[in-house]
Amino acid sequence: MGARQVGKSTLLETIFQNRENLIWMTGDDMDVQELFSQMTSTRLKALLGNCQTLVIDEAQRIPDIGLRLKLITDQIKDVQVVATGSSSFELASKVNESLAGRKREFRMFPVSFKEMVEHTNLLEELRLIPHRMIYGYYPEVVSNLGNEQIILKELADSFLYKDILSFESINKPDKIVRLLKALAFQIGSQVSYNEVAQLIGLDSKTVERYIDILEKSYIIFRLGTFSRNLRNELKASRKIYFWDLGIRNLLIGNLAQVESRTDVGAMWENFMIAERLKRNAYNGSIAQYWFWRTQQQKEIDYLEEENGELNAYEFKWNEKKSNTRIPESFARAYPEAKYHVVTPKNADEFLL
């Protein structure tokens, strides 16, 4: 699972390029949807024949896909089925119940800092961080240096709203576009559903539901608050970030270089957290993550806990601010936590 255009199909084509007895279908095709809607076990066996691998791309487009996949795995034991989807709630919710205990899930993201380092080298990718913060890491963008703006516009127009606006629960498409823009301006800040709702003209419950859809479509992700020891710790706040800053910057109509931007600090925070979460996902990490803030506005950008070890991170684009000290209230409450300040100078230590 993963957003459209992150390379799911390309990856599968590479994996299965020499695989014999393979059938490839695309859920976006109407005839494929109709085929599965009338599927019986007899017809299924005739269709697959001696097929050993069945790939169903954009499987969430097929009605009752979970039951259809269950039919295949129940009736034809020797067929490996690989399904891709660009919206986790459309695919996962339909498959989880039907195939409980009989499936493996994998998530794909836009290209990561770590992957690019392995593709080129560390020095080059460190030099390109300001560029990546503007244009992002979508494969088509990364591989077409000099045409990033045109490709980003094409990507957004062709896929960004395609899945989201097709859901029956979205009955005000103009509002969700305004919601995305509002969230794009608030990266690095606490998000109030009530305030956003008033800003775009919706009720807070609808805003929360739309944000859930955007998150499960792999456009944004939420960071909750860490709270254990202090009475004045915020307990119900959240921050919202974008998986890809290129998409975020296009939404607000600002692709200016980092040197002239006032939001570079928030962009650096978004960039680092998104790349860290990609790294963790691909490494099989079980880390939990939050931000921390008190009612007195004392804050830590990112907390991560894994195997009982708590690490606190502050992100500073300006390397001269690398001597930032840990908030005293946090240090007293969590003396076991290790504190780090991450700047462009030591970013690789955090992301590799």
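Below, the structure is looked at part by part. (Residues numbered from 1 in each chain as written. Predicted model: local features only at pLDDT ≥ 70, side-chain atom pairs only at ≥ 80, totals over all residues. Heavy atoms only, no water.)

Section: unusual backbone geometry
Phi is mostly negative for residues that are not glycine, and the peptide bonds are mostly trans.
Next, step 1: With phi around 50°, Glu58 is a residue other than glycine that occupies positive phi space.
Next, step 2: Locating Glu58 in the fold gives a position in the loop between strand 2 (53-57) and helix 4 (65-75).
Next, step 3: You will see that Tyr218, though not glycine, has its phi angle at about 65°, which is positive.
Next, step 4: As for its placement among the helices and strands, Tyr218 is situated in the loop between helix 13 (204-216) and strand 4 (220-224).
Next, step 5: Owing to a relative accessible area of 8%, Tyr218 belongs among the buried residues under this scheme. (Helix = DSSP H or I, 4+ residues; strand = E, 2+ residues; numbered from the N terminus. Buried < 20%, exposed > 50% of the residue type's maximum accessible area, 1.4 Å probe, protein only.)

Considering the side chain of Thr84
Next, step 1: Secondary-structure assignment places Thr84 in the loop between strand 3 (80-83) and helix 5 (88-96).
Next, step 2: At a separation of 2.4 Å, a polar atom in the side chain of Thr84 contacts the side chain of Asp57.
Next, step 3: Here Glu58 takes part through its backbone nitrogen, which lies 2.9 Å from a polar atom of the side chain of Thr84.
Next, step 4: Setting aside residues no more than four positions away along its own chain, Thr84 makes contact with Lys8, Leu12, Ile56, Asp57, Glu58, Ala59, Gln60 and Leu91. (Polar contact = N/O pair within 3.5 Å; in protein donor to acceptor, adjacent residues only side chain to side chain. Contact = heavy atoms within 4.5 Å.)

Description of the environment of Leu223
Next, step 1: Structurally, Leu223 can be placed in strand 4.
Next, step 2: Classification of Leu223 by relative accessible area gives buried; the value is 0%.
Next, step 3: Along the primary structure Leu223 and Arg238 are separated by 15 residues, whereas in three dimensions their C-alpha atoms are 5.5 Å apart.
Next, step 4: The residues touching Leu223, leaving out its near neighbours within four places in the chain, are Ser237, Arg238, Lys239, Tyr241, Ile273, Tyr289, Trp290, Phe291, Asp301 and Tyr302.

A few points about the pattern of salt bridges
Next, step 1: Applying the stated criterion across every chain, the model contains 22 salt bridges.
Next, step 2: The shortest N-O distance in the salt bridge between Lys70 and Asp74 comes to 2.8 Å. With Lys70 and Asp74 both in helix 4 and four residues apart, this pair spans about one turn of that helix.
Next, step 3: Residue class for Lys70 comes out partly exposed when judged on its relative accessible area of 30%.
Next, step 4: Under the relative-accessibility criterion, Asp74 is labelled partly exposed at 27%.
Next, step 5: Here Lys114 makes a salt bridge to Glu118, at a shortest N to O gap of 3.0 Å. One end of the pair is Lys114 and the other is Glu118, both in helix 6 (residues 113-119) and four residues apart, which spans about a single turn.
Next, step 6: Judged by relative accessible area, which is 26%, Lys114 ranks as partly exposed.
Next, step 7: We classify Glu118 as exposed; its relative accessible area is 57%. (Salt bridge = Lys/Arg side-chain N within 4 Å of Asp/Glu carboxyl O.)

Geometry only, nothing functional implied.
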